[in-house]
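In case you want the letters, here they are:
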Amino acid sequence: MGQVPVVWLEAGDFFGDPTPTGDMQNKMLIKGMSFIRYAAANVGPRELAGGIDKFLKFSGAASFPFVSANLVTDPGGKPFVEPYVVHEIDVRAPGDDEARRLRIGIIGFTAHKRGFLKATPDNKNLVTIPPVEALERWLPKLRRKADLLVALVAMRYEEALALAQAAEEMGMPLDFVLGGMGDFVTRDEASMLGSTKVVYSGNMGKRLGEVRVFLDAERKPARSVFDAIWLTKDYPGNPDLESMVGATLDDMGEWFSAHQTFGSPLTPVVIGSSYTGAGRCKSCHEQAFAVWEDTVHAHALDTLVRERQMYNPECLLCHTTGYRKAGGYIGMSNTPQLAHIQCESCHGASGTHPESRVAGFGKAGIQSCLPCHTRENSPEFNFSSYWERIRH
Ligand code: HEC
Ligand code: HEC
Ligand code: HEC
Ligand code: HEC
């Protein structure tokens, strides 16, 4: 059989926030993807959120090309990066004695936004044009150079379908459209539009979209299977990548710990009632406190410490009490009493309640859980069975 060739592709919109720690993340992503030997990445709005200079700095360090057919300079209409690339691999189709070349044409598209505009170093603007317009311009050229057509898309599913439809109408159907937009994930059974497979694999790096392609004797896709694989602990980490990630997390942690102080621009001003901490509830609600103390909520920040993510704002939002809210958790040094998930994560800020002690205060129910128990972070969440485990 020989080894099955693997082609790694990124649908775009994968950069971190345009902040110092987001920059650290991007540097790591580019390094890691180069290490894995990605074949190409699409350019989405996130890649350009920090401006063109930054994008060029990051992409310049990549061992793989970035593609986009509909990001162009204005005036001029010149593509900002390569509209497409042709990636070649050796495959053995049924009946082949020897491996033969398969040319994979990879073209990138991002959603068209009228308001999108970035200044280029030579005083022009970078804008998007409608994807179908770019498709009409580049697809005929790419078709001649490639055996297999793959579009990477950073846009809504409906827009991706329209793009696939347009290619079909041009008589040059795309074989695969690989997309990412929010947490949207497609199912294999519903992925075909004519002869094009359109698949989405979700966000936040939680899943790996895998398309297995089986070729016929003509080296055309006879059949393909898509799966959005949850990257659970069942898949062992690569030690080299893990040490790269670890070093980046430490750098990010250092930055966050230096910046999470009172008076930081990230800290909202407290007006009126705010968070007080479970310690103050204990004396009057002893039973509730005793139950809570034994739940994982009461140790949720320890989980982040274990993962070396205890400074990552993205995680603190759900693993502490009132993070980014007035009077909520800031950092271990100045708000240790609001570490972990406490009473007030569900009952709301209760600063004045211990004095007023009114009944009917702090109504909680399923709505209290949903901001954290999202489909992405708690796929098995079910209120009645989960509530049973923390009932008080
Ligand atoms: C000094 C005592 C005291 C403290 C401290 C206190 N509570 Fe209360 N709490 C009460 C009283 C009294 C009531 C009203 C109970 C009643 O009349 O049913 C109440 C009611 C509540 C209710 C509504 C329960 C219901 O059935 O209406 C919630 C929720 C609640 N407290 C949460 C908290 C939280 C969270 C804290 C800590 C931030 C806290 N309490 C601190 C005395 C206290
Ligand atoms: C939107 C809220 C949310 C965000 C953001 C979030 N988490 Fe969580 N996390 C949860 C919930 C809810 C669970 C529990 C899931 C369950 O068991 O159903 C959880 C569970 C976990 C667990 C498993 C705990 C265990 O030991 O089994 C780890 C590890 C974890 N989170 C780490 C992180 C890290 C690291 C980040 C940031 C990159 C993060 N979380 C961001 C809500 C969130
Ligand atoms: C993960 C969310 C969550 C946390 C954390 C939590 N609670 Fe609750 N609490 C709820 C929900 C949901 C209810 C049920 C409301 C109902 O049954 O209508 C409730 C009910 C209560 C009640 C009313 C009980 C009754 O008999 O009506 C009190 C009092 C209370 N909680 C206090 C606390 C205190 C004190 C803490 C912290 C030590 C705490 N809760 C932590 C979600 C939470
Ligand atoms: C502020 C965010 C937040 C809220 C609100 C919240 N949870 Fe959680 N919950 C988490 C996180 C994070 C974890 C995982 C903690 C860990 O292991 O580090 C978790 C874990 C749990 C677990 C244990 C799951 C397991 O696999 O062991 C249960 C049960 C649970 N939550 C129930 C609830 C219920 C019920 C509510 C609403 C009444 C609720 N939670 C509200 C963040 C939250």
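Right, let's walk through the structure included here. (Residues numbered from 1 in each chain as written. Chains lettered and ligands numbered in written order. Predicted model: local features only at pLDDT ≥ 70, side-chain atom pairs only at ≥ 80, totals over all residues. Heavy atoms only, no water.)

### Examining the packing of helix H4 (residues 131–145) against helix H5 (residues 157–169)
Running from amino to carboxyl end, H4 crosses H5 at an angle of 35°, the nearest separation of the two axes being 10 Å. Classified by chirality, the crossing of H5 by H4 is right-handed. Facing Pro131, Val132, Leu135 and Leu139 of H4, the residues of H5 in contact are Leu163, Ala166 and Ala167. Here the residues of the contact of H4 with H5 are counted per class, giving 7 nonpolar, no polar and no charged. (Axes fitted to C-alpha atoms, helices over the stretch in contact; angles between N-to-C directions. Helix = DSSP H or I, 4+ residues; strand = E, 2+ residues; numbered from the N terminus. Left-handed = near helix turned anticlockwise from the far one by under 90°. Contact = heavy atoms within 4.5 Å. Nonpolar A, V, L, I, M, F, W, Y, C, P; charged D, E, K, R; others polar.)

### Quick notes on the pattern of salt bridges
Scanning all chains against the criterion turns up 17 salt bridges. Residue Glu158 pairs with Arg156 through a salt bridge whose shortest N-O separation is 3.1 Å. Given a relative accessible area of 47%, Glu158 falls into the partly exposed group. Sharing partners across several salt bridges, the network here consists of Glu88, Asp90 and Arg101. (Salt bridge = Lys/Arg side-chain N within 4 Å of Asp/Glu carboxyl O. Buried < 20%, exposed > 50% of the residue type's maximum accessible area, 1.4 Å probe, protein only.)

### Considerations on the coordination of the iron atom of ligand 4
For a metal with four donors in a tetrahedral arrangement, the ideal angle between donors is 109.5 degrees, while six donors in an octahedron ideally sit at 90 or 180 degrees. Only His297 (NE2) and His373 (NE2) from the protein coordinate the iron atom of ligand 4, and they sit 2.0 to 2.1 Å from it. In this structure, the iron atom of ligand 4 is coordinated by 6 donor atoms arranged in octahedral fashion, with angles at the metal of 83 to 179°. Here His297, found in the loop between helix H7 (286–293) and helix H8 (300–306), pairs with His373, found in the loop between helix H12 (366–369) and helix H13 (383–390); they are 76 residues apart in sequence, far enough to count as distant. Relative accessible area serves as the criterion here: at 18%, His297 is assigned to the buried category. Residue classification places His373 among the partly exposed residues on the basis of a relative accessible area of 22%. (Donors = N, O, S within 2.8 Å, 3.2 Å for Na, K, Ca; no water. Tetrahedral: all angles 85-135°; square planar, octahedral: opposite > 155°, others 65-115°.)

### Focus: the coordination of the iron atom of ligand 1
Coordination of the iron atom of ligand 1 by the protein involves His285 (NE2) and His353 (NE2), with metal-donor separations of 2.0 to 2.1 Å. Given 6 donor atoms and angles of 88 to 179° at the metal, the environment of the iron atom of ligand 1 is assigned as octahedral. In this pair, His285 is assigned in the loop between helix H6 (239–259) and H7 and His353 in helix H11 (residues 353–356), connecting sequence segments 68 residues apart. Owing to a relative accessible area of 44%, His285 belongs among the partly exposed residues under this scheme.

### A few points about the pairing of strand E14 (residues 221–230)
Each regular strand shows side chains that alternate between the opposite faces of the sheet. Pairing between strand E13 (residues 207–215) and E14: 9 bridges, direction antiparallel. Directly across from Val211, in E14, lies its bridge partner Phe226. Between E13 and E14, which pair antiparallel and follow one another directly, the connecting turn spans 5 residues, one of which, Arg219, has a positive phi of 60°. (Pairing = 2+ DSSP bridges.)

### Examining the sheet that holds strand E3 (residues 66–67)
Taken in spatial order, the 3 strands of this open sheet run E1-E2-E3, and their pairing is parallel. A strand with exactly one partner marks an edge of an open sheet, and here the two such strands are strand E1 (9–10) and E3. With 2 bridges joining them, E1 and strand E2 (residues 40–42) adopt parallel strand pairing. By the bridge assignment, Leu9 is partnered in E2 with Ala40.

### A closer look at empty space enclosed by the protein
Tallied over the entire structure, the rule returns 3 cavities of 30 Å³ or more. One number sums up the size of the second largest cavity: a volume of about 60 Å³. Lining the second largest cavity we find 14 residues, and of these Phe15, Pro18, Asn26, Arg46 and Gly50 sit closest to its centre. For the lining of the second largest cavity, the secondary structure elements donating two or more residues are helix H1 (20–36), helix H2 (45–48) and helix H3 (52–60). When residues in the lining of the second largest cavity are grouped by element, the largest group, 3 residues, is from H3. Broken down by class, the residue content of the lining of the second largest cavity amounts to 5 nonpolar, 4 polar and 5 charged. (1 Å grid on protein atoms, 1.4 Å probe; cavity = no way out; pocket = protein on both sides within 12 Å on 5 of 7 lines; lining within 4 Å. Points joined across faces, edges and corners; volume = space filled by probe spheres on them.)

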